[in-house]
Amino acid sequence: MRRLVLDGTVLIRWFSGDGGRAQRAARSLRAEYEAGTLAVIVPTAARLDLLDTAASALPAKRLGQFADAVERLGLEFREPAPRDVAEWVARGLTAGEAAYAAVAAAADLRLVTANPRLHSVAAPMVTPLA
């Protein structure tokens, strides 16, 4: 089974998007995940990251349903070591971005993202979405 860290820019496209190339690539990863051929690992803060992103696109009454949908996905949540997060922040990432990088680095996994800053700062372990 393939194992990847997917950041919020990828996971949010599992739920919505413009139908473009990046969304198709994200939905392809979701199909692999649902087929049981892909394990998705994310930092525990991914729940908040996704909720924050969804809040700008969904009506307030749907946010609870969205949070429930994220939980039902059954993603593998890991808490990154604060020191590891701090090292990524020192390289120029936000704390939220650094959590994804820290989880990927600690598990020696590829990080799939559409975030240009993550792609730039963590380039050796990043696979760009689409």
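Okay, so let's go over this structure. (Residues numbered from 1 in each chain as written. Predicted model: local features only at pLDDT ≥ 70, side-chain atom pairs only at ≥ 80, totals over all residues. Heavy atoms only, no water.)

## Structural notes on the environment of Arg78
Quick note on the threshold: Only DSSP runs of H or I reaching four residues or more are called helices, and only runs of E reaching two or more are called strands; each is numbered from the N terminus. With a 1.4 Å probe rolled over the protein chains alone, any residue whose accessible area is under 20% of its type maximum counts as buried; one over 50% counts as exposed, and the rest are partly exposed. Note on definitions: a residue-residue contact is assigned when non-hydrogen atoms from the two residues lie within 4.5 Å.
Among the structural elements, Arg78 can be located in strand β3 (residues 76-78). Residue classification places Arg78 among the partly exposed positions, given a relative accessible area of 28%. On a C-alpha basis, the gap between Arg78 and Ala107 in space is 9.9 Å, while along the polypeptide they are 29 residues apart. Not counting residues up to four positions away in its chain, the partners in contact with Arg78 are Arg3, Ile41, Val42, Pro43, Thr44, Val103 and Ala107.

## Observations regarding the pairing of strand β4 (residues 110-113)
The following threshold applies: Here, strands pair whenever DSSP counts at least two bridges between them.
Bridge count for strand β1 (residues 2-6) against β4 is three bridges, and the pairing is parallel. Considered in β4, the bridge of Val5 is made with Leu111. Here β4 runs beside strand β5 (residues 126-128); their pairing, made up of three bridges, is parallel. Residue pairing in the sheet places Thr113 in a bridge with Pro128 of β5.

## Some points on the nonpolar core
Under the convention used in this document: The definition of a nonpolar core used throughout is a set of buried Ala, Val, Leu, Ile, Met, Phe, Trp, Tyr and Cys residues joined through side-chain atoms within 4.5 Å.
Of all hydrophobic cores here, the largest spans 40 residues; its most connected members are Leu6, Trp14, Leu29 and Val40. Sort the elements by how many residues they give to this core and helix α6 (residues 95-107) lands first, with six residues. With near-sequence residues (within four places) excluded, Leu29 lies in contact with Arg2, Leu4, Leu6, Val10, Trp14, Leu38, Val112 and Leu129.

## Side note on the pairing of β1
With four bridges joining them, β1 and strand β2 (residues 38-43) adopt parallel strand pairing. Its bridge partner being in β2, Arg2 is matched across the sheet by Leu38.

## Focus on the layout of surface pockets
Rules: Residues are called lining when one of their atoms sits within 4 Å of a cavity or pocket point, these points coming from a 1 Å grid over the protein atoms alone, where a cavity is a set in which a 1.4 Å probe fits but cannot get out and a pocket is an open set with protein on both sides within 12 Å along at least five of seven lines. Grid points are joined across faces, edges and corners, and a volume is the space filled by probe spheres set on the points. The classification used treats Ala, Val, Leu, Ile, Met, Phe, Trp, Tyr, Cys and Pro as nonpolar, Asp, Glu, Lys and Arg as charged, and all other residues, Gly among them, as polar.
Estimates place the volume of the largest pocket at around 190 Å³. Around the largest pocket sit Ile12, Phe15, Ser16, Thr53, Ala54, Ser56, Ala57, Leu58, Arg62, Gln65, Phe66 and Ala69, which together line it. Looking at the lining of the largest pocket, the elements with two or more residues in it are α3 (46-55) and α4 (60-72). Tallying contributions element by element places α4 first for the lining of the largest pocket, with four residues. Only α1 (8-11), α3 and α6 provide two or more residues apiece to the lining of the second largest pocket. Top contributing element to the lining of the second largest pocket by residue count: α6, with three residues. Residue classes in the lining of the second largest pocket are distributed as three nonpolar, six polar and three charged.

## Comments concerning the packing of helix α5 (residues 82-90) against α6
Note the cut-off: An axis is simply a line fitted to the C-alpha atoms; with a helix, the fit covers only the stretch in contact. Between two such axes, the angle follows the N-to-C directions and lies from 0 to 180 degrees. What sets the label is the angle itself: under 35 degrees gives roughly parallel, over 145 gives roughly antiparallel, 65 to 115 gives roughly perpendicular, and the rest give oblique. A crossing counts as left-handed when the near helix is turned anticlockwise from the far one by less than a right angle, and as right-handed when that turn is clockwise.
Packing of α5 against α6 brings their axes to within 8 Å, and their N-to-C directions diverge by 120 degrees. The angle between the axes of α5 and α6 places the two elements in the oblique class. As for the relative orientation of α5 and α6, their crossing is right-handed in sense. Contacts between α5 and α6 pair Asp84, Val85, Trp88 and Val89 from the former with Ala95, Ala98, Ala99, Ala101, Ala102 and Ala105 from the latter. For the contact of α5 with α6, a count of residues per class yields nine nonpolar, no polar and one charged.

## A look at the packing of α3 against α4
Two elements in contact, α3 and α4, have axes whose closest approach is 10 Å; the angle formed by their N-to-C orientations is 145 degrees. Our pair here, α3 against α4, has a crossing hand that is right-handed. Here Arg47, Leu50, Leu51, Ala54 and Ala55 of α3 come into contact with α4, specifically with Leu63, Phe66, Ala67, Val70 and Glu71. The residue inventory of the contact of α3 with α4, partitioned by class, reads eight nonpolar, no polar and two charged.

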